[in-house]
Amino acid sequence: MLINNGNFPDSTRNRIASGNYSISIISWGTAFEKISKKNDYASSAFENFKKDIVIISARRAAQRQKTDPAYNPDIDPSTGNPVSGPFKSGYGQTSSEVLIPAFIAAYTKTSPDKVGLEHSRQF
């Protein structure tokens, strides 16, 4: 391996980025939600959260399309096949860029169409 001035070649560098994220929200409106046998022990806040994930995924994809004309939200770039399910390419149900704003929207009773997307950007 050739080392120039203490720099390693690009092929040997770790490509995984990690970090921390911290936020506090006030969720009094959903924190003491009544969950009972009548509603099958379902949480309306959590049900809204699941719906909001799909909406935020679409918003993220639309935002990316404005800056990346080659991006197609309905095609998986690794396979070239259509994306299955309700989520857009790159913005699935485990993406922090989707989950954080969806959580904030659901648990603060904010519209998923109006919640800010700036808090969960990758750096």
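For the structure given in this document, a descriptive report is provided here.

Conventions we followed
Residues numbered from 1 in each chain as written. Predicted model: local features only at pLDDT ≥ 70, side-chain atom pairs only at ≥ 80, totals over all residues. Heavy atoms only, no water. Buried < 20%, exposed > 50% of the residue type's maximum accessible area, 1.4 Å probe, protein only. Salt bridge = Lys/Arg side-chain N within 4 Å of Asp/Glu carboxyl O. Helix = DSSP H or I, 4+ residues; strand = E, 2+ residues; numbered from the N terminus. Core = buried A, V, L, I, M, F, W, Y, C linked by side-chain atoms within 4.5 Å. Contact = heavy atoms within 4.5 Å. Expected span 1.5 Å × (residues − 1).

Turning our attention to unusual backbone geometry. One non-glycine residue, Asp 40, lies in positive phi territory at about 55°. Using a relative accessible area of 66% as the deciding quantity, one classes Asp 40 as exposed.

Moving on: the pattern of salt bridges. All told, the structure shown has 3 salt bridges when counted by the stated rule. As a salt-bridge pair, Arg 64 and Asp 68 come within 3.7 Å of each other at their nearest N and O atoms. Put simply, Lys 88 and Asp 74 hold a salt bridge, and the shortest N to O gap is 3.0 Å. Note that Lys 88 is positioned in the loop between α2 (44-67) and α3 (96-107) and Asp 74 in the loop between α2 and α3, a separation of 14 residues in sequence. Given a relative accessible area of 39%, Asp 74 falls into the partly exposed group.

Formed by 16 residues in total, the largest nonpolar core has its most connected members in Phe 49, Ile 53 and Ile 56. When contributions to this core are tallied by element, the ones reaching two or more residues are α2 and α3. For this core, the element with the highest residue contribution is α3, accounting for 6 residues. Not counting residues within four places of it along the chain, the set of residues in contact with Ile 53 comprises Phe 87, Gln 93, Val 98, Leu 99 and Ala 102.

Residues lying three or four places apart along an α-helix face the same way, a consequence of the helix completing one turn every 3.6 residues. Relative to the 34 Å expected for 24 residues at 1.5 Å per residue, α2 spans 35 Å between its end C-alpha atoms, a close match to the ideal helical length. What α2 keeps buried is the set Ala 45, Phe 49, Asp 52, Ile 53, Ile 56, Ser 57, Arg 60 and Ala 61. Those residues of α2 that are buried are in contact with α1 (28-31) and α3.

With that settled, the discussion passes to the side chain of Ser 89. Positionally, Ser 89 belongs in the loop between α2 and α3. On the basis of relative accessible area, Ser 89 is assigned to the buried category, the value being 8%. Look past the residues within four positions of Ser 89 in its chain and what remains in contact with it is Arg 64, Tyr 71, Asn 72, Pro 73, Ile 75, Asp 76, Pro 77 and Val 83.

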